Amino acid sequence: MKKPKQYRVGIVGLSGISARHTLDEGSFGLGAEMPHSHASAYAILPQTEIVGVCDLLEERIDSFIEEWRDTYPQVRGYTDYREMLAKEDLDIISVATSDNRHADIVVDAAESGVRGILCEKPIATTLADADRMIAAVERHHATMTIDHSRRWFPIFRQVKEEVQQGTIGVLRRITLNFGGPRAILFRNGTHMIDTICYLADSDPEWVFAELDDGYEDYWPYQGDGGRNPDLEPGCSGYIHFKNGVRAFYNGSKGLKPRRGFELTGSEGWIWMDDHRAEVGKEEGIRHLPSRPHTHSNTPAVIRDLIRAMETGAETISPPREARKTLEVILGFLASQKRGNTRIDFPLDENAV
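None of the values given here were measured: they were computed from a predicted structure. (Residues numbered from 1 in each chain as written. Predicted model: local features only at pLDDT ≥ 70, side-chain atom pairs only at ≥ 80, totals over all residues. Heavy atoms only, no water.)

(A) Here's a closer look at the sheet that holds strand 14 (residues 269–272). Taken in spatial order, the nine strands of this open sheet run 16-15-14-13-9-12-11-10-17, and their pairing is mixed. Every interior strand has two partners, whereas the edge strands, strand 16 (284–287) and strand 17 (343–344), have only one. Here strand 13 (residues 260–265) runs beside strand 14; their pairing, made up of four bridges, is antiparallel. Of the residues in strand 14, the one forming a bridge with F261 is M272. Running over the sheet, helix 8 (residues 185–200) touches strand 9 (171–179), strand 10 (204–211), strand 11 (235–241), strand 12 (246–252), strand 13 and strand 14 and is turned about 165° from strand 9. Each of strand 10, strand 11, strand 12 and strand 17 touches helix 10 (residues 319–337); the most contacted strand, strand 10, lies at about 45° to it. (Pairing = 2+ DSSP bridges. Helix = DSSP H or I, 4+ residues; strand = E, 2+ residues; numbered from the N terminus. Contact = heavy atoms within 4.5 Å. Axes fitted to C-alpha atoms, helices over the stretch in contact; angles between N-to-C directions.)

(B) Quick peek at a negative patch on the surface. Together, E210, D213, E216 and D217 give the surface a local cluster of negative charge. Relative to the helices and strands, D213 resides in the loop between strand 10 and strand 11. Residue D213 is classed as exposed on the basis of its relative accessible area, which comes to 68%. (Patch = residues over 30% accessible without salt bridge, like charges linked within 9 Å, V, L, I, M, F, W, Y side chains within 5 Å. Areas by Shrake-Rupley, 256 points an atom, 1.4 Å probe, with all protein chains shown as cover. Salt bridge = Lys/Arg side-chain N within 4 Å of Asp/Glu carboxyl O. Lys, Arg positive; Asp, Glu negative; His and termini not counted. Charge placed at Lys NZ, Arg CZ, Asp CG, Glu CD. Buried < 20%, exposed > 50% of the residue type's maximum accessible area, 1.4 Å probe, protein only.)

(C) Molecular detail of the pattern of salt bridges. Tallying each qualifying case throughout the model produces 24 salt bridges. D201 is paired through a salt bridge with K160; the nearest N and O atoms lie 3.7 Å apart. You can see D201 sitting in the loop between helix 8 and strand 10 and its partner K160 sitting in helix 7 (residues 154–164), a full 41 residues away along the chain. The salt bridge involving D203 is made with K324; its shortest N-O contact spans 2.4 Å. Of the two residues, D203 sits in the loop between helix 8 and strand 10 while K324 sits in helix 10, which places them 121 residues apart along the sequence. Judged by relative accessible area, which is 30%, D203 ranks as partly exposed. Classification of K324 as buried rests on a relative accessible area of 18%.

Shown next, in the form of structure tokens:
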């Protein structure tokens, strides 16, 4: 049997999303849970091998090497990602640092010849950073994907197919409700807004919004990369898409709504959350059957990245799509700053 091709992988940022060990075996023959962290996802993909990890804190590096020594006995640790890029001849890099620190790492990785870049969400915290990331990736013909992970959840793929097939007629509205302490724009909000854009299948054209109380003067980004949710706002916002779809985003701290998305069309509706969906039409309600897959979530993200690297195609979450999500987030902030007015795109963040 031909040995699978090995891709040399480096990880920058060793927080839980990148380094957590989630490969414990389940009971009753179920096997391991589908991995969520980057390290555990690479561990189940035979074509990848982590050869270098980087973090500013040496104790995180030591912890990673100790916890993963059986899986990655040759992994080396670095406190400077540039040194890792220079020494490890990486094929793929995972960028899992604070939100506002993605840009330089992605640009340097592309310029050093890394072929595949998996960047955590959001792509950046300014459009200027997102644009220079995209420019570097395109200039050096690298493949990049953003971990807006619901694009790789089976139920969201199924709902997307139902909408494309016209099950509920012409899609007219999307409503999203979610709450909790991490219902903030640059953390979980970026997932939800990206999913809205994915389901709307169009470019956002204009927005308006009202931020949670206490964040009336929130411009520009004032967070710490997502560690302290008190530094970032929740929001109620409206998105108008070029194809006529209207979306209502309601993600605020301190709420306990029925979390999920409702898609309303000319002939019916679909309600869904991360695990299930139901279709409503005149003839009644139909529950979409679950379709188990061998890979979803982060392993599917990486497999899709490798597919795109090998074929020259785009991933299903390319950086220009992630830029749309960031523009919506910043548009919401700009709307608040300007007295909750309509913000037309393209957004000039220097004029807010």
